[in-house]
Amino acid sequence: MNSTIDEIEPCAIRAWVQERMIFVELTDGRIFGFPANRFIRLRDASDQDLKTVNIELNGYALRWDLLDEDLTVAGVVAGRFQLPLPVQAA
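Residues numbered from 1 in each chain as written. Predicted model: local features only at pLDDT ≥ 70, side-chain atom pairs only at ≥ 80, totals over all residues. Heavy atoms only, no water.

**Describing unusual backbone geometry**
Stage number 1. You will see that Glu 19, though not glycine, has its phi angle at about 50 degrees, which is positive.
Stage number 2. Structurally, Glu 19 can be placed in the loop between strand 1 (12–18) and strand 2 (21–26).
Stage number 3. For Glu 19, a relative accessible area of 75% puts it in the exposed group.
Stage number 4. Here Asp 68, not a glycine, exhibits a phi torsion of approximately 50 degrees, which is positive.
Stage number 5. With respect to the helices and strands, the residue Asp 68 is situated in the loop between strand 5 (61–64) and strand 6 (69–72).
Stage number 6. Residue classification places Asp 68 among the partly exposed positions, given a relative accessible area of 45%. (Helix = DSSP H or I, 4+ residues; strand = E, 2+ residues; numbered from the N terminus. Buried < 20%, exposed > 50% of the residue type's maximum accessible area, 1.4 Å probe, protein only.)

Below you can see the structure in the form of structure tokens.
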């Protein structure tokens, strides 16, 4: 089987933040979103600081310089978060 790394590992072409949700557009056209509160540094960040996300390492990582936070695109797409989902009151 001939596979390239792009077929195996998700790669971002765009990232943005809207209402404390981080969105990532992948090279295959999917758009993936996750809440900032799933990571300690992102949970505690201001709305303005969250918006400073950059794509690094040719699309394989997300970086917030002001927060000193790095996340792999593959990790967030796979659901590897630091914090559990908050418990919702019934």
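**Some details on the pairing of strand 5**
Stage number 1. Here strand 5 shows no split at all, with Ala 61 and Arg 63 on one side and Leu 62 and Trp 64 on the other all buried.
Stage number 2. Taken together, the three bridges between strand 4 (residues 54–56) and strand 5 define a ladder with antiparallel strand orientation. The partner of Glu 56 across the bridge, within strand 5, is Ala 61.
Stage number 3. Where strand 4 folds back on strand 5, the antiparallel hairpin that results is connected by four residues, among which Leu 57 adopts a positive phi of roughly 50 degrees.
Stage number 4. Two elements, strand 5 and strand 6, share four bridges in a ladder whose sense is antiparallel. Along strand 6, the bridge assignment pairs Ala 61 with Thr 72.
Stage number 5. Hairpin remark: strand 5 followed by strand 6, antiparallel, with four residues in the connecting loop; positive phi at Asp 68, about 50 degrees. (Pairing = 2+ DSSP bridges.)

**Observations concerning the sheet that holds strand 4**
Stage number 1. Taken in spatial order, the three strands line up as 4-5-6 in an open sheet, and their pairing is antiparallel. Strands at the two margins of the open sheet, each flanked by one partner only, are strand 4 and strand 6. The mean angle between the axes of side-by-side strands here comes to 30 degrees, regardless of whether they run parallel or antiparallel. (Axes fitted to C-alpha atoms, helices over the stretch in contact; angles between N-to-C directions.)

Structural measurements only, silent on function.
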